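Residue-level listing of the chains:
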Amino acid sequence: MNVTALSDRVLLNNYLAGDRSAISELIERHSQRVRSYIGMMVKDDAIADDIFQETFIKAVKVIDEGRYVDSGKFLSWVLRIAHNRVLDHFRREKSSRQINESEAGYDMLGTMRFSEPTTEDDIMRNEVEVAVRELIGELPEEQQEVVRLRYYSKLSFQEIAEHTDVSINTALGRMRYALINLRRMIKERNIVLS
């Protein structure tokens, strides 16, 4: 039995040659990373599921139309499509300007852990999460993006560089400045993150 995983490029070529199961395998391979990224950005499971489906529908359509150029960066390409779909979602929502708890980064029922030793621990943890998300939201957009990709989507700096179309040094620099800015804001506001 051959247990060697086929590369993204081989799966794409197999799909283009008529193997319809190859695209399913390719989507499954990257579904968790893409879904996590979308979920982290929109903070609503139903919306994230819709955007996830739109992302892969768009990807398959571009591949079927022969417009995808394989550069060995399939995941980065799909994440860029997802990112654009998320931006489209926020543009559509901007006109309504109704913000619920989960969009604001605070969902009492979604984050409460009843198995924790004390309610006080939960409250403190939630307050810290809210404070950190608010601080991240005040960073310049490029710094916000690199922090979210690194800490919420768990991408490496190489993957972040590919996803954002910058050099790895630029991605590292953005993270460095983001951390400097976060430390400064925490100090200025006397926020305790423990």
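For the structure, see preceding data.
What counts, and at which threshold
Residues numbered from 1 in each chain as written. Predicted model: local features only at pLDDT ≥ 70, side-chain atom pairs only at ≥ 80, totals over all residues. Heavy atoms only, no water. Helix = DSSP H or I, 4+ residues; strand = E, 2+ residues; numbered from the N terminus. Buried < 20%, exposed > 50% of the residue type's maximum accessible area, 1.4 Å probe, protein only. Areas by Shrake-Rupley, 256 points an atom, 1.4 Å probe, with all protein chains shown as cover. Core = buried A, V, L, I, M, F, W, Y, C linked by side-chain atoms within 4.5 Å. Contact = heavy atoms within 4.5 Å. 1 Å grid on protein atoms, 1.4 Å probe; cavity = no way out; pocket = protein on both sides within 12 Å on 5 of 7 lines; lining within 4 Å. Points joined across faces, edges and corners; volume = space filled by probe spheres on them. Nonpolar A, V, L, I, M, F, W, Y, C, P; charged D, E, K, R; others polar.

Caption draft 1: The overall build of the chain, seen in detail. For the chain, the count of helices and strands is nine helices and zero strands. Helices (α) and strands (β) of the chain occur, in sequence order from the N terminus, as α-α-α-α-α-α-α-α-α. For the chain, the residues scored as buried account for 35% of the 194 residues in total. Element-wise, carbon and sulfur atoms account for 51% of the exposed surface of the chain, whose accessible area totals about 12,200 Å².

Caption draft 2: Quick peek at the nonpolar core. Counting 44 residues, the largest nonpolar core has Val34, Tyr37, Ile38, Ile63, Phe74 and Trp77 as its most contacted members. When residues of this core are assigned to their parent elements, the largest contribution, nine residues, is made by helix 2 (residues 20-42). Residues in contact with Ile38, not counting those within four places in the same chain, are Lys43, Ala48, Ile51, Phe52, Thr55, Ala82 and Val86.

Caption draft 3: Quick peek at the layout of surface pockets. Here the second largest pocket defines a volume of roughly 270 Å³. Looking at the lining of the second largest pocket, the elements that each hand over two or more residues are helix 6 (119-137), helix 7 (141-152) and helix 9 (168-188). The leading source of residues in the lining of the second largest pocket is helix 6, at six residues. Residues belonging to the lining of the second largest pocket are distributed by class as follows: 11 nonpolar, no polar and three charged.

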